[in-house]
Amino acid sequence: MKNNKFYITTPIYYVNDRPHIGHAYTTVLADVLARQQEKQGKDVFFLTGTDEHGAKISQAAKKAGKSEKNFVDEKAASFVEVWKKLNIENSNFIRTTESAHVEAVKKAVQRLFDKGFIYKGDYDGLYCTGCEQYKNSEDLIDGKCPEHQIEPQMMKEESYFFKLSQFQNVLKEKIEKGELEILPQERKNEILSFFGQELKDISISRAAVNWGIPLPFDEKFTIYVWIDAFFNYLTGLGWNGDQLIGSSVRQFKTEEPKGREASENDKLVFFPPDLQLMSKDILRVHATIWPALLLALELPLPKKIYVHGYFTIDGQKMSKSLGNVIWPEELVEKFGVDGARYLLMSSLAFGQDGDISWEKLTEKYNSDLANGLGNLISRVVKLNENIKAQAEENESSGKANGLLVEIKPKEALDEIWKRIAYANKKVEEAKLWEFIKTDAEEAKKVLSELLGLIFEVSKEVAPFMPQTCGKIVEILESGKAEILFPRIK
Ligand code: MSP
């Protein structure tokens, strides 16, 4: 199998509300990495979408006084719209209420049943609707789900179970060996220590939830929303529920059309995902249930899972009831699309949580974009009006690119901004404003170097800020300074 495809996914987001900056972070990151891989010549497929079934969505629809169908259509549209505003170029947007997804999930679950991976039993346990998961009492703090601050409900029902326990050893080994890589290392350790406890079989049917996919072999039940959701990573590529996938079936060929234009049948060659992005809230299920389903269906496992941190706002958990949610469209309105993308990508250090506030974002915008990058370009272009120096060709250190390959967007940006700071300092130290009158030759030399550096920077920022990259090149070519990032009060 040639190594020139790149399949990247975000989680599919619940449509109980419109997207906030947490969702935007994961999606922009996927977009940045997709653009980078594409620039490096890979055929890229970038999947995102929405998770639309289950009790949580049904309750939210009722609360809004709408039918489930109308409600999910409306919310899914808000995700599509916000991603457009953020200049996200996903290859497909998968919705779990699409009939092709529904049919594929039914077939897959039927196959799991036929192969003996599903059996009937009784379930009783504490269920958190926020997580759409049963909780162990050890997971709770003061009897409440720490994630949602609600007391899980006791539920007892007849249920079908998936034999997750059977996969404990093989999964543990694959994760240990890095066949299924989990980054950062702390998260991998966390999962491995979780494998120290016995994995329990999981209930995959719901008797009380109507808003879901009917269980094909017992239609009194619907399929548990997480099982439904995981299959998006396959149906998003056009999987119909029974095709085999992988190197044994098909070879990925260089000549095949680009992912973003691939025909229906070609898309399956992108499986398995090369990189799945998410944050820590959903790592455990992605490192257990998801790969176990794949093993049971004899499908290949994802290669890498990257777990990023959480945003807090002014030191607090973002929540609608606290009224501190930052919506991505507000960021775009205030800072422009590339400003918003830059600020998101520079907010979380590798694997760490990060705290943001409007104040901090505005400060960072002004210092890095209005002053740092914007100012550098307008100064250099103005200085060059008479001299007309040409950009000196220089090799990029490749550092920023390397950091981005390691999924360190903030660290990559920091590296690029070091070069910008160096260039701004050089403009001042070289006293170019005076030099240009007294020693035009010397000034020309320095300007050539600076122009070369700006070209490099424009390439390095391209995956993060695609429009800005184009604008910088235009400015340099026309020699006309233009304000890239107006200062904001
Ligand atoms: N529907 C499930 C995922 C199913 S995937 C088969 C789900 N949806 S969600 O809407 O809750 O999205 C969770 C994801 O959104 C996180 O894993 C993360 O990618 C992103 N974020 C949500 N809140 C976040 C923060 N406060 N900070 C950073 N990202 C977080 O779980």
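Please read these numbers as outputs of a predicted model, since none were measured by experiment. (Residues numbered from 1 in each chain as written. Predicted model: local features only at pLDDT ≥ 70, side-chain atom pairs only at ≥ 80, totals over all residues. Heavy atoms only, no water.)

(A) Fine view of the packing of aromatic side chains. On inspection of all chains with the given rule, the structure shows 28 aromatic pairs. Ring geometry for Tyr7 against Phe271: centres 6.4 Å apart, planes inclined by 55°, an arrangement best described as tilted. You can see Tyr7 sitting in strand β1 (residues 5–14) and its partner Phe271 sitting in the loop between α8 (232–235) and β11 (275–279), a full 264 residues away along the chain. Residue classification places Tyr7 among the buried positions, given a relative accessible area of 0%. The class of Phe271 is buried, set by a relative accessible area of 1%. Among the aromatic residues, ring-to-ring pairing joins Tyr7, Phe45, Trp226, Phe230, Tyr233, Phe270, Phe271 and Trp290 into one connected group. Its end group placed over the ring of Trp327, Arg18 keeps NZ or CZ at 3.8 Å from the ring centre. Taking the ring centre of Phe350 as reference, the NZ or CZ of Lys408 above it sits at 4.9 Å. (Phe/Tyr/Trp six-rings, centres within 6.5 Å; stacked < 30°, edge-to-face > 60°. Helix = DSSP H or I, 4+ residues; strand = E, 2+ residues; numbered from the N terminus. Buried < 20%, exposed > 50% of the residue type's maximum accessible area, 1.4 Å probe, protein only. Lys NZ or Arg CZ within 6 Å of the ring centre and 35° of its normal.)

(B) Looking closely at the state of the cysteines. Across all of its chains, the model carries zero disulfides by this definition. No disulfide involves Cys145; its sulfur sits 3.7 Å from that of Cys131, the nearest cysteine. (Disulfide = S-S within 2.5 Å.)

(C) Highlighting the confidence of the model for the chain. Per-residue pLDDT for the chain has a mean of 93; in total, 95% of the residues score no lower than 70. Taken together, the stretch residues 247–259 has pLDDT below 50 and engages in 29 contacts with residues farther than four places along the chain or on a different chain. (pLDDT = per-residue confidence, 0-100. Contact = heavy atoms within 4.5 Å.)

(D) Local environment of the site of the ligand. As a matter of local geometry, the ligand sits amid 24 residues, with Ile12, Thr26, Asp51, Ser279 and Phe311 nearest to it. One of the side-chain N or O atoms of Thr26 is found 2.7 Å from an oxygen atom in the ligand. Within the contact set of the ligand, a nitrogen atom lies 2.9 Å away from a backbone nitrogen or oxygen of Phe311. Notes on the ligand: free accessible area 670 Å², of which the protein chains cover 94%. Of all elements in the fold, only β1, α1 (21–39), α7 (225–230), α8 and β11 reach the threshold of two or more residues within the shell around the ligand. The element contributing the most residues to the shell around the ligand is β1, with four residues. Among the residues making up the shell around the ligand, the classes are represented as 13 nonpolar, nine polar and two charged. (Near = heavy atom within 4 Å. Polar contact = N/O pair within 3.5 Å; in protein donor to acceptor, adjacent residues only side chain to side chain. Areas by Shrake-Rupley, 256 points an atom, 1.4 Å probe, with all protein chains shown as cover. Nonpolar A, V, L, I, M, F, W, Y, C, P; charged D, E, K, R; others polar.)

(E) View of helix α14 (residues 409–429). A rise of 1.5 Å per residue sets the reference length of α14, with its 21 residues, at 30 Å; its end C-alpha atoms lie 30 Å apart and thus fit the reference within 8%. Residues of α14 that are buried include every one of Pro409, Ala412, Leu413, Glu415, Ile416, Trp417, Arg419, Ile420, Ala423, Asn424 and Val427, and no others. Here the buried face of α14 lies against α1, α11 (328–345), α12 (358–387), α13 (399–405), α15 (432–438) and α16 (440–461). Phi turns positive one or two residues past the end of α14, at Lys431, with a value near 45°. (Expected span 1.5 Å × (residues − 1).)

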